[in-house]
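Residues per chain are reported as follows:
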Amino acid sequence: MHIGTTLTQFIIEEQRHTTGATGDFTSLLNDLVTSIKVISNAVNKGALVGTMGALESENIQGETQKKLDVITNDIVMRHNEWAGHLAGMASEEMDDVYSIPAKYPLGKYLLVFDPLDGSSNVDINISVGTIFSILHAPVSGRAATAEDFLQPGTKQVCAGYALYGSSTMLVLTTGHGVNGFTLDRDVGEFLLTHPGMKIPENTGEFAINASNRRFWEPPVQRYVEECLAGTEGPRGRDFNMRWVASMVAEVHRILNRGGIFMYPRDTKDPAKPGKLRLMYEANPMSMIVEQAGGVSSTGYERILDIQPSGLHQRVPVILGSKNEVERVLGYHNG
Ligand code: AHM
Ligand code: MG
């Protein structure tokens, strides 16, 4: 499809090639996109509307919630609960599955999302994003249970993210490659600007929170040490380092110019085998990365193959440019 195609047209044309498509999925995506436009506005207003700062509440993960975590969670729920496409929703910001109110019909899809990823950055005007994943409900038209959501990432029907950066972008896959759209605020539409996004196989850029270095496992210690040694080390070349502390921004950079992103397993808190959440962050980003030709793993196994054991499960994440990720996996296997 040509540059400038609207997201709505893009989705409809893509669905025309799917046998048995009823228009339900297209309509669900349209509602989701509306919620993303509303979030983009809310984030963009910044301190003008009193939505900066933290609340007293914590989410199920024991993290202090930002006002915008709660506001954006609500925006996604309100725009997606009414139309009859969903059997339930689950979010990083809610303890349990969100049941569709009885006054609305139930549908055949499940929506999983992180409404404002990287929200520790929101008060300092650094990019944040929304991550989402759509699954089939095991039983259409029945209120979803938590177990219904526990499907491996390979079962995702669609995954995407919105990046609220210097421009607002939406990057999407339905399993046929990855396409990026930029919000044209004058017309209120996302327009295709980045068709067929592909991650370069090689990279000289790595991203990791190096303050956790003493807690990493030996394979990651080795990889980063070798990068830092540059031309004087075994890699024989210099590397560049980045850390935005906003996974959406990190993955977006990698989709555009390559790179490796790691939030690996560490020994900081034995109860947490990683920081990032499988359902809301790792699975959707892994589907996007794989669809763009990259690799995504815990270090020991492909993320998309993990059978989830809980909605809020955390996993180590190593993703990005194929050759660099495979090198780290080789260090784990060796
Ligand atoms: P969040 O969902 O609470 O925002 O946490 C996820 C974020 C990721 O976007 C980012 O990669 C990571 O946490 C940053 O972690 P750290 O604070 O250790 O740098
Ligand atoms: Mg998050």
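Predicted model only: the values in this text are computed from it and were never measured.

1. Let's talk about the nonpolar core
With 40 residues, the main nonpolar core has L29, L111, F132 and I134 as its most contacted residues. A total of nine residues in this core trace back to one element, the largest contributor, which is helix 2 (residues 24-45). If we skip the residues at most four places from it in the chain, L29 touches I11, F132, I134, C158 and L172. Counting residues in each nonpolar core, the second largest holds 32 residues, with I131, V171, A249 and A282 among its members.

2. Focus: the pairing of strand 8 (residues 179-184)
On a regular strand, each side chain points to the face opposite its neighbour's, so the side chains alternate between the two faces of the sheet. For strand 8, the tally of buried residues reaches five of six residues, placing the bulk of the element in the interior. Counted along the chain from strand 7 (residues 168-173) to the antiparallel partner strand 8, the turn is five residues long, and its residue G175 has a positive phi close to 95°. Relative to strand 9 (residues 189-194), strand 8 runs antiparallel, the two being bridged by five bridges. Across the sheet, F181 pairs through a bridge with L192, a residue of strand 9.

3. Observations regarding the packing of helix 5 (residues 218-229) against helix 8 (residues 322-333)
Between helix 5 and helix 8, the least distance of the axes is 8 Å, while the angle of their chain directions is 135°. On the basis of their axis angle, the class for helix 5 and helix 8 is oblique. Where helix 5 crosses over helix 8, the handedness of that crossing is right-handed. On the side of helix 5, the interface is formed by P219, V220, R222, Y223 and E226, while helix 8 contributes E324, R327, V328, Y331 and H332. Of the residues contributing to the contact of helix 5 with helix 8, the split by class is five nonpolar, one polar and four charged.

4. Topic: the packing of helix 2 against helix 3 (residues 67-80)
Where helix 2 contacts helix 3, the two axes come as close as 8 Å, and the packing angle between them is 150°. Between helix 2 and helix 3, the interaxial angle falls into the category roughly antiparallel. Handedness of the helix 2/helix 3 crossing: right-handed. Between helix 2, through L28, D31, L32, T34, S35, V38, I39 and A42, and helix 3, the contact on the second element is made entirely by L68, T72, I75, V76, H79 and N80. Of the residues contributing to the contact of helix 2 with helix 3, the split by class is eight nonpolar, five polar and one charged.

5. A short note on the coordination of the magnesium ion (ligand 2)
Around the magnesium ion (ligand 2), the protein supplies E92 (OE), D114 (OD), D117 (OD) and E281 (OE) as donor atoms, at distances of 1.8 to 2.7 Å. Given a relative accessible area of 1%, D114 falls into the buried group. Note on D117: relative accessible area 5%, which makes it buried.

6. Quick notes on the environment of I126
Topologically, I126 is positioned in the loop between strand 4 (109-117) and strand 5 (128-136). Look past the residues within four positions of I126 in its chain and what remains in contact with it is N121 and V244.

7. Comments concerning the sheet that holds strand 12 (residues 260-263)
Taken in spatial order, the five strands make up an open sheet running 11-10-12-16-14, and their pairing is mixed. Since the sheet does not close on itself, it has two edges, and those belong to strand 11 (240-242) and strand 14 (295-297), each with one partner. With strand direction ignored, the average angle separating the axes of adjacent strands in the sheet is 15°. Relative to strand 16 (residues 317-320), helix 6 (residues 247-257) is tilted by about 35°, and along the sheet it contacts strand 10 (205-208), strand 11, strand 12 and strand 16.

8. Comments concerning the site of ligand 1
Around ligand 1, a shell composed of 17 residues is seen, among which E92, D117, G118, M247 and Y263 lie nearest. G118 places a polar main-chain atom, nitrogen or oxygen, 2.7 Å from an oxygen atom of ligand 1. Contact between ligand 1 and S119: an oxygen atom at 3.4 Å from a main-chain N or O atom of the residue. Contact with the protein chains removes 85% of the 470 Å² of surface that ligand 1 exposes when unbound. Only strand 4, strand 12 and strand 13 (276-277) provide two or more residues apiece to the shell around ligand 1. Tallied by class, the residues present in the shell around ligand 1 amount to six nonpolar, four polar and seven charged.

Definitions and limits used
Residues numbered from 1 in each chain as written. Chains lettered and ligands numbered in written order. Predicted model: local features only at pLDDT ≥ 70, side-chain atom pairs only at ≥ 80, totals over all residues. Heavy atoms only, no water. Core = buried A, V, L, I, M, F, W, Y, C linked by side-chain atoms within 4.5 Å. Buried < 20%, exposed > 50% of the residue type's maximum accessible area, 1.4 Å probe, protein only. Helix = DSSP H or I, 4+ residues; strand = E, 2+ residues; numbered from the N terminus. Contact = heavy atoms within 4.5 Å. Pairing = 2+ DSSP bridges. Axes fitted to C-alpha atoms, helices over the stretch in contact; angles between N-to-C directions. Parallel < 35°, antiparallel > 145°, perpendicular 65-115°, else oblique. Left-handed = near helix turned anticlockwise from the far one by under 90°. Nonpolar A, V, L, I, M, F, W, Y, C, P; charged D, E, K, R; others polar. Donors = N, O, S within 2.8 Å, 3.2 Å for Na, K, Ca; no water. Near = heavy atom within 4 Å. Polar contact = N/O pair within 3.5 Å; in protein donor to acceptor, adjacent residues only side chain to side chain. Areas by Shrake-Rupley, 256 points an atom, 1.4 Å probe, with all protein chains shown as cover.

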